[in-house]
Amino acid sequence: MDSERNFRIRSTVYYVAAAGVLTVGLSYAAVPLYRMFCQAYSYGGTTSQGHDAEKVESMQKIKDRVIKIKFNADIGASMRWNFKPQQTEIKVVPGETALAFYSAKNPTDHPVVGISTYNVIPFEAGAYFNKIQCFCFEEQQLNPHEEVDLPVFFYIDPEFIEDPKMELVDSITLSYTFFESKDGVNIQMPVYAKQHG
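I will try to describe carefully the structure that is included in this document. (Residues numbered from 1 in each chain as written. Predicted model: local features only at pLDDT ≥ 70, side-chain atom pairs only at ≥ 80, totals over all residues. Heavy atoms only, no water.)

### Focus: the sheet that holds strand β4 (residues 89-92)
And step 1. Spatial ordering of the open sheet is given by β4-β2-β10-β6-β8, a layout of 5 strands whose pairing is mixed. Looking at the sheet topology across the chains shown, the edges are occupied by β4 and β8 (140-142). Each strand axis lies, on average, 30° off the axis of its neighbour in the sheet, ignoring direction.
And step 2. Across 3 bridges, strand β6 (residues 112-121) lies against β8 in antiparallel orientation. Bridged to Val112 within β8 is Leu142. (Pairing = 2+ DSSP bridges. Helix = DSSP H or I, 4+ residues; strand = E, 2+ residues; numbered from the N terminus. Axes fitted to C-alpha atoms, helices over the stretch in contact; angles between N-to-C directions.)

### With respect to the pattern of salt bridges
And step 1. By the definition in use, this model includes 3 salt bridges.
And step 2. Residue Glu4 is joined to Arg8 by a salt bridge in which the shortest nitrogen-to-oxygen separation is 2.7 Å. One end of the pair, Glu4, and the other, Arg8, are both in helix α1 (residues 2-41), 4 residues apart, so they sit about a helical turn from each other.
And step 3. A salt bridge links Arg80 to Glu180; the shortest N-O distance between them is 2.5 Å. Of this pair, Arg80 sits in the loop between β2 (67-75) and β3 (82-85) while Glu180 sits in strand β10 (residues 171-180), and the two are 100 residues apart along the sequence.
And step 4. Given a relative accessible area of 33%, Arg80 falls into the partly exposed group. (Salt bridge = Lys/Arg side-chain N within 4 Å of Asp/Glu carboxyl O. Buried < 20%, exposed > 50% of the residue type's maximum accessible area, 1.4 Å probe, protein only.)

Okay, structure coming up:
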């Protein structure tokens, strides 16, 4: 009787431990997998990464459709950097390239490595927000008290004006979040989202 009871208790402990390990494993995998999904389908406000050089050179500016691009900066709970956009907003038209900058500073007395993610609001605009160059998904190390400027070179695809869902959109917010990069956590930018230029 006691051996059967001990066997059941041991089995329960093993199942609970296995569920705990599985939960921890899934929590580590969830962020990169979700990010890859969002990158592939411009879901959840994730922008298109990379560009077609020919398209950039030949696209026509839609001068009668001015869009205000607002910039936002956040940091993860454990990140110790100071991170902010250098401009609060700029105005662009679809088909026009634009350059904006963020600033990051490490106010601590030791090096800190960070990695950033981004999205846009409204979410549907992510399909038309194309980055030519950015600092996302790449580890950035800042030495003690070091400050850097981080460029974002982008354009709004002219097809933006053909989408009925974008008809009333005259403002887009680009939001970056920096997290401290921990040992053993390697967030790779998906192959289909790699920069081309």
